[in-house]
Structure formats: structure tokens, C-alpha cells
Amino acid sequence: MTAETSGTGDLSRVETGQKTLVNRRHLVMGGAFCLAAGLAYARTPQVIFPVVEKTDFEKLIPETIGPWQFETSSGVVLPPPDALSDRLYDNLVTRVYSAPEDPPIMFLTAYSNTQDGVLQVHRPEICYPAGGYELTPTRPVTIEDGLGSKIQANMFTAKGRGRTEHVLYWTRIGNEFPLAWSQQRLAVIRANLRGIIPDGVLVRASLIAPTMDEAMPHLSRFAAQLNQGMNKQGRALLSGIKS
């Protein structure tokens, strides 16, 4: 009886030790999993820019820009419709401005508080060909922002539908002004590595003229006076200007 009792006691101690070891192992593994999950969440890029209501966004764009006055919302080449349009263009403003001694300017701006690499604002090189236009090669250009700094922009000429339209535009992704799709994607990646999902905007102005040399002085002046005429929030959204 004594030997049997002793054997049984040893077995119980072994089983108890194994259970303790298993419980500790589960505890350590659970803690490791929680830590990994916490680190993964901490590294996940977060949306930090608030959604801008449509009516509030429209109010940011002045109806008077230098000598130009808002005339109509029609007559502007639009991005092609697709399944993501409603999300891509939460804030979309299209206007035609006229002036007594300057050619009419067609204006479009589209803003989204989320540029995650999948949802990104379309560049004009997509929407114009979709509308039947042929484009000249896109060229980079530096323009004045009207407040002492410069904006990296693009320009091209679109021919079709019996007219020649000259286009000046820029895109802002977070704090960057990418000039190509590849740069736009890299801007999103760089922001993600900082833990941020950046916002993004497309600003486009165009007019009809025989040559780009004739169009650019008007387009550049319009862009500068646009920034001068907006309030602080409008300048920050469209051109990244903080003052």
C-alpha cells in the first residue's frame, strides 16, 4: 500500500507540473500574440484628415478669381464614370469662369481625405482621352502660388471635338506634388510608412487658345489669383499652403 501510494503521489506531481508548464506556455504565447497584434495595429496607417462636406468644400472656391467671374458649372471635361466615382470624388467642383478681357477658363478640383493606394484621384491624362481627345506629351512646369512660393504642376494640350484646349494641373498627395502616377503611388507609400493615410486633391484649369504659349500666362495668373482669393482652409486643401 505504501509503495502504491508513493507512486500515485509522484504521478500526481508530474501531471500537476505538466499542467503548470502548459498554462505558462499558453500565457506566454497569448501575451506574444497580443503584443504582435498591438504592434501591427500601431503600424497600420490611420486616416487623419477629416471628411469635408460638399457644401463646405464648394464655399472654399471663390466665385470671383481676379478678373474672372463664375458663370456656369457645365462645359468642363469630367473624369470618366466608374464604380468608384462616388468615393473618388466626394468633393468635386466644376466651373467655367469668364472675364471681360481674358479668355474663359474651365476649372475642376476634386478632393478626397483618403488616398490609400487603391482609391486615388484620376489624373487628367485619363479623362481627356476618354472624352475623345488626343494629347500632347505632358510637360512639368513650375508656377507661382500667388503668395511667394511655387507649385510643381503639369501641362499638356488636348485636341478634339473641334477645339484645342490647353490644360494646367497639379495634384497634391499629403505634402507632396507628384508629377506622375509612379510618384503619386510613392507619395502614398511614404505617408503610410509614417503611419498616415494622406489626403489628395486634383486642381485643373484649362482654356481654348491656338497655342500653349498664348494660354499659359492666363492659366498661371488664374492659379495665383485662385490661391490669393481663398481662405486659409482652401489654400491648405488645394495647394498645401498653411498660411
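Placed above this text is the structure.
Reference entry: report on the structure contained in this document. Keep in mind that what you see is a predicted model, and the values were worked out from it rather than measured.

Bringing the packing of aromatic side chains into the picture now. Counted according to the given criterion, the structure contains nine aromatic pairs. Consider the rings of phenylalanine 156 and tyrosine 169, whose centres lie 6.2 Å apart with planes at 65°: the pair is edge-to-face. A residue pair is termed long-range when its members are at least 10 positions apart, and phenylalanine 156 in strand E8 (residues 150-160) and tyrosine 169 in strand E9 (residues 163-173) qualify at 13 residues. Grouping residues by exposure puts phenylalanine 156 and tyrosine 169 together as buried.

Let us now look at the pairing of strand E3 (residues 68-72). As paired strands, strand E2 (residues 64-65) and E3 are joined by two bridges and run antiparallel to one another. Paired with threonine 64 across the strands is glutamine 69, a residue of E3. What sits between the antiparallel neighbours E2 and E3 is a turn of two residues, in which glycine 66 has the positive phi angle 60°. Pairing between E3 and strand E4 (residues 91-98): three bridges, direction antiparallel. Looking at the pairing, phenylalanine 70 lines up with tyrosine 97 of E4.

As a further point, take empty space enclosed by the protein. Here the structure, examined in full by the defined rule, presents one cavity of 30 Å³ or more. Its boundaries defined by the atoms lining it, the largest cavity holds a volume of some 40 Å³. Taken together, Phe107, Leu168, Tyr169, Trp170, Val203, Arg204, Ala205, Phe222, Ala223 and Leu226 make up the full set of residues lining the largest cavity. Secondary-structure elements contributing two or more residues to the lining of the largest cavity are E9, strand E11 (200-208) and helix H6 (212-229). Considering only residue class, the lining of the largest cavity consists of nine nonpolar, no polar and one charged.

Our next topic: a nonpolar patch on the surface. Together, Leu186, Ile189 and Leu193 give the surface a local cluster of nonpolar side chains, amounting to about 320 Å² of exposed area. Using a relative accessible area of 42% as the deciding quantity, one classes leucine 186 as partly exposed.

Now for helix H5 (residues 181-193). Spanning 13 residues, H5 covers 19 Å between terminal C-alpha atoms, matching the ideal 18 Å at 1.5 Å per step. Taken as a whole, H5 has its buried residues at Gln184, Ala187, Val188 and Ala191. In a view along the axis of H5, the buried residues occupy a sector of 95°, so they form one face of it. Of the surrounding elements, those touching the buried residues of H5 are E9 and strand E10 (196-197).

The backbone of arginine 161 sits at a positive phi, close to 55°, despite the residue not being glycine. Mapping arginine 161 onto the fold places it in the loop between E8 and E9.

Basis of the calculations
- Residues numbered from 1 in each chain as written.
- Predicted model: local features only at pLDDT ≥ 70, side-chain atom pairs only at ≥ 80, totals over all residues.
- Heavy atoms only, no water.
- Phe/Tyr/Trp six-rings, centres within 6.5 Å; stacked < 30°, edge-to-face > 60°.
- Helix = DSSP H or I, 4+ residues; strand = E, 2+ residues; numbered from the N terminus.
- Buried < 20%, exposed > 50% of the residue type's maximum accessible area, 1.4 Å probe, protein only.
- Pairing = 2+ DSSP bridges.
- 1 Å grid on protein atoms, 1.4 Å probe; cavity = no way out; pocket = protein on both sides within 12 Å on 5 of 7 lines; lining within 4 Å.
- Points joined across faces, edges and corners; volume = space filled by probe spheres on them.
- Nonpolar A, V, L, I, M, F, W, Y, C, P; charged D, E, K, R; others polar.
- Patch = residues over 30% accessible without salt bridge, like charges linked within 9 Å, V, L, I, M, F, W, Y side chains within 5 Å.
- Areas by Shrake-Rupley, 256 points an atom, 1.4 Å probe, with all protein chains shown as cover.
- Salt bridge = Lys/Arg side-chain N within 4 Å of Asp/Glu carboxyl O.
- Expected span 1.5 Å × (residues − 1).
- Arc of directions from axis to C-beta.
- Contact = heavy atoms within 4.5 Å.

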